[in-house]
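Residue strings, one per chain:
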Amino acid sequence: MKLKELLRNVQVLECTADLDLDVNSVYYDSRKVTEGSLFVAVSGFATDGNRFIPMALDKGAAAVVTAKRPEGDVPYVLVASDRLALALIGCNFYGHPAKAMTMIGVTGTNGKTSVTLLLKQVLEKCLGAKVGLIGTMANMVGQEVIPTERTTPESFELQGLFAKMRDASCTHVVMEVSSHAVALERIGGIHFDAAAFTNLTEDHLDFHKTMDAYCDAKAELFRRCSRAVINTDDGYADRILAAAACPVLTTAIAGMADIRAENLELLSEGVRFTAVSGEERAAVSLPIPGRFTVYNALTVIGLARQLGISLPDCAAALAQAHGVKGRVEVVPTPGMPYSVLIDYAHTPDGLENVLSSVKTFCKGRVIGVFGCGGDRDPMKRPIMGQIGVKLSDFAVITSDNPRTENPMAIIEDILKGVKKEYGEYIVMEDRRAAIRYAMDIAKKNDIIVLAGKGHETYQDIGGQKHHLDEREEVAAHLLELRNQNG
């Protein structure tokens, strides 16, 4: 592809490279550069890609795209934004694949994964659509699962993934859109047919610094879509609504909205409610416990309506939907008098939601097992300590993904928010030991909530991933107990 074709719609400030140059590939990692490729030097947080321009040229890069004018005799393209340039170059390189499919984006602190996975099932059942999925748990092309490292891939990989979906005849793409994806232009050049906002609670303040800045990053998505669905029970909804330059459907449980829930039944096996939209009413049931499941279902219904699916059809599809791995997931405990749930809750609001919801149907004690991730917003740690101990009848404070931090230092931060009068708790740094301890003290009708890991099957310690599947840990301990008891 000619360099000038790759640069279509990119804001170019200067250019010393030959615009008729043939480019065979594009890289932003200098280690991967090949002969005749284009190197995009991205100014990152850990390192500056401009430092590696000499390496890229030595490896055969034909030209460099950069937001900083390079020194020496370098064939370069100076752009206003290196990250946006990378995104737009990706769009051009892969032939704008997103334009060939119906694009749906879901943003918010909590609920994105559940909403996207449920909506995928609704689109498949109601429209017979082949749906691409991009999210925290995995990327999917129809039913093919592709593991993922981050919620939204880097822009160039994202365009490649869209191209794979287009070439596999996907008609729709449902994707989680993180605040980082918006702020770092990973979704640059993409217009969404529909977008949804679930909620906003404290998270990623190590990156965004303030809640308003965090909200504004989310709100930008609604300037890039044709239709929107917004949960107006959330305190930041007005700020999102103000940004939405398109028709909006609102959802709510507590307040008035275009689509709302009535007659809520929160059960141990799931939720039931009546969805109301104008004069239309439909009974909705989902096999996922918790009040937040009702909010997620309303968002799915709103998106389905914006995509032309009727309320009755959507409700019927949700009734056949299966639960989401790692989201209030029931773990088999055959022969035991207690229950174990796994949930991805790793934010203060997420932890509060899951523990509060479980308390509504738990007939015994709620035993909460939780920690906080390392190399992430430390301000939320004491808040999660307070919530976890207050809302559990007994709490086991342990490690999550400490990453490069000292696990006990993270736990000490959590304990800063805990007072003796909040409730009973114990500290066990080893997560495997913490799970076993919770199972050992559990009594009849108790519910153990393993919070934080969810769908993950590893623990990141010292920057290394170690296998840890909490389902396997529960099953292994049950086997140990049976062997002990003969």
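An account of the accompanying structure is given in this report. Predicted model only: the values in this text are computed from it and were never measured.

1. Here's the deal with helix H4 (residues 112–127)
An α-helical segment advances 3.6 residues per turn. Residues three or four places apart therefore align on the same side.
Item 1. The end-to-end C-alpha distance of H4 is 22 Å, a good match for the 22 Å that 16 residues give at a rise of 1.5 Å each.
Item 2. Of all 16 residues making up H4, 12 are buried, and the element is well covered by its neighbours.
Item 3. For H4, the set of buried residues is Lys112, Thr113, Ser114, Val115, Thr116, Leu117, Leu118, Leu119, Lys120, Gln121, Val122 and Leu123.

2. Observations regarding the environment of threonine 113
Item 1. Turning to its location among the elements, threonine 113 is positioned in helix H4.
Item 2. Of the residues examined, threonine 113 reaches a relative accessible area of 5% and is grouped as buried.
Item 3. Distance in space between the C-alpha atoms of threonine 113 and isoleucine 134 is 9.3 Å, their sequence separation being 21 residues.
Item 4. With residues near it in sequence (within four places) discarded, threonine 113 still touches Thr136, Met137, Glu176, Val324 and Arg327.
Item 5. A polar atom in the side chain of threonine 113 sits 2.7 Å from the side chain of glutamate 176.

3. Brief notes about the pattern of salt bridges
Item 1. Here the structure, examined in full by the defined rule, presents 30 salt bridges.
Item 2. Note that glutamate 329 is salt-bridged to arginine 471, the shortest N-O span being 2.9 Å. Taken together, the residues glutamate 329 in strand E17 (residues 329–331) and arginine 471 in helix H16 (residues 470–484) connect sequence positions 142 residues apart. The exposure classification of glutamate 329 matches that of arginine 471, with both residues buried.

4. Some points on unusual backbone geometry
Item 1. Of note, the phi angle at histidine 96 is positive, near 50°, even though the residue is not glycine.
Item 2. Note that histidine 96 resides in the loop between helix H3 (82–93) and strand E6 (102–107).
Item 3. The phi torsion at serine 169 lies on the positive side, around 70°, for a residue other than glycine.
Item 4. Along the chain, the position of serine 169 falls in the loop between helix H5 (155–167) and strand E10 (172–176).
Item 5. Taking relative accessible area as the criterion, serine 169 reaches 52% and is therefore assigned exposed.

5. Notes on the sheet that holds strand E18 (residues 339–343)
By definition, the strands of a sheet pair up through backbone hydrogen bonds, in either a parallel or an antiparallel sense.
Item 1. Pairing is mixed across the open sheet formed by 6 strands, whose spatial order is E17-E18-E22-E19-E20-E21. The open sheet has two edge strands with one neighbour each: E17 and strand E21 (424–427). Strand-to-strand twist of the sheet, defined as the mean angle between neighbouring strand axes without regard to direction, takes the value 20°.
Item 2. Relative to E18, E17 is paired through 3 bridges, and the arrangement is antiparallel. The residue of E18 that forms the bridge with valine 330 is leucine 341.
Item 3. The strands touched by helix H13 (residues 380–391) are strand E19 (366–370), strand E20 (394–397) and E21; relative to E19, the strand with the most contacts, the crossing angle is about 155°.
Item 4. Where helix H14 (residues 407–415) meets the sheet, its contacts fall on E19, E20 and E21, and the angle it forms with E21 comes to roughly 165°.

6. What about the layout of surface pockets?
Item 1. What the second largest pocket holds in volume is close to 190 Å³.
Item 2. Considering the residues around the second largest pocket, the lining is formed by 13 residues, among which Ser268, Ser339, Phe361, Asn445 and Ile447 are closest to the centre.

7. Some remarks on the sheet that holds strand E8 (residues 139–141)
Item 1. Here 11 strands make up an open sheet; going across it, the order is E9-E8-E7-E10-E6-E11-E12-E13-E14-E15-E16 and the pairing mixed. Strand pairing shows two members of the sheet lacking a second neighbour, strand E9 (144–146) and strand E16 (280–286), which therefore form its edges. In this sheet, adjacent strand axes meet at a mean angle of 20° when their direction is disregarded.
Item 2. Judged from the 5 bridges that link them, E6 and E10 form a sheet pairing that is parallel. For glycine 105, the partnering residue across the bridge sits in E10 and is methionine 175.
Item 3. Each of E6, strand E7 (131–134), E8, E10 and E16 touches H4; the most contacted strand, E10, lies at about 170° to it.
Item 4. Across the sheet, H5 lies against E6, E7, E8, E9 and E10, angled at about 160° from E7, the strand it touches most.

8. A word on the packing of aromatic side chains
Item 1. Inspection of the entire model under this criterion finds 4 aromatic pairs.
Item 2. Relative to tyrosine 94, the ring of phenylalanine 93 has its centre 5.1 Å away and its plane inclined at 80°; by these criteria the two rings are edge-to-face.
Item 3. Note on phenylalanine 93: relative accessible area 25%, which makes it partly exposed.
Item 4. Overall, the relative accessible area of 25% leaves tyrosine 94 in the partly exposed class.
Item 5. For the pair phenylalanine 93 and phenylalanine 156, a centre-to-centre distance of 5.5 Å together with 45° between the ring planes defines the contact as tilted. Taken together, the positions of phenylalanine 93 in helix H3 and phenylalanine 156 in helix H5 put the pair 63 residues apart, joining distant regions of the chain.
Item 6. Accessibility expressed as a relative area gives 7% for phenylalanine 156, which makes it buried.
Item 7. By the ring-pair criterion, three or more aromatic residues cluster together here, those being Phe93, Tyr94 and Phe156.
Item 8. Positioned above the aromatic ring of tyrosine 458 is the side chain of lysine 453, whose terminal nitrogen or guanidinium carbon lies 5.0 Å from the ring centre.
Item 9. Its guanidinium or amino end placed over the ring of tyrosine 458, lysine 465 lies 4.3 Å from that ring's centre, counting from NZ or CZ.

What counts and what doesn't
Residues numbered from 1 in each chain as written. Predicted model: local features only at pLDDT ≥ 70, side-chain atom pairs only at ≥ 80, totals over all residues. Heavy atoms only, no water. Helix = DSSP H or I, 4+ residues; strand = E, 2+ residues; numbered from the N terminus. Expected span 1.5 Å × (residues − 1). Buried < 20%, exposed > 50% of the residue type's maximum accessible area, 1.4 Å probe, protein only. Contact = heavy atoms within 4.5 Å. Polar contact = N/O pair within 3.5 Å; in protein donor to acceptor, adjacent residues only side chain to side chain. Salt bridge = Lys/Arg side-chain N within 4 Å of Asp/Glu carboxyl O. Pairing = 2+ DSSP bridges. Axes fitted to C-alpha atoms, helices over the stretch in contact; angles between N-to-C directions. 1 Å grid on protein atoms, 1.4 Å probe; cavity = no way out; pocket = protein on both sides within 12 Å on 5 of 7 lines; lining within 4 Å. Points joined across faces, edges and corners; volume = space filled by probe spheres on them. Phe/Tyr/Trp six-rings, centres within 6.5 Å; stacked < 30°, edge-to-face > 60°. Lys NZ or Arg CZ within 6 Å of the ring centre and 35° of its normal.

Honestly, that's just the spatial picture; any functional story needs more than this.
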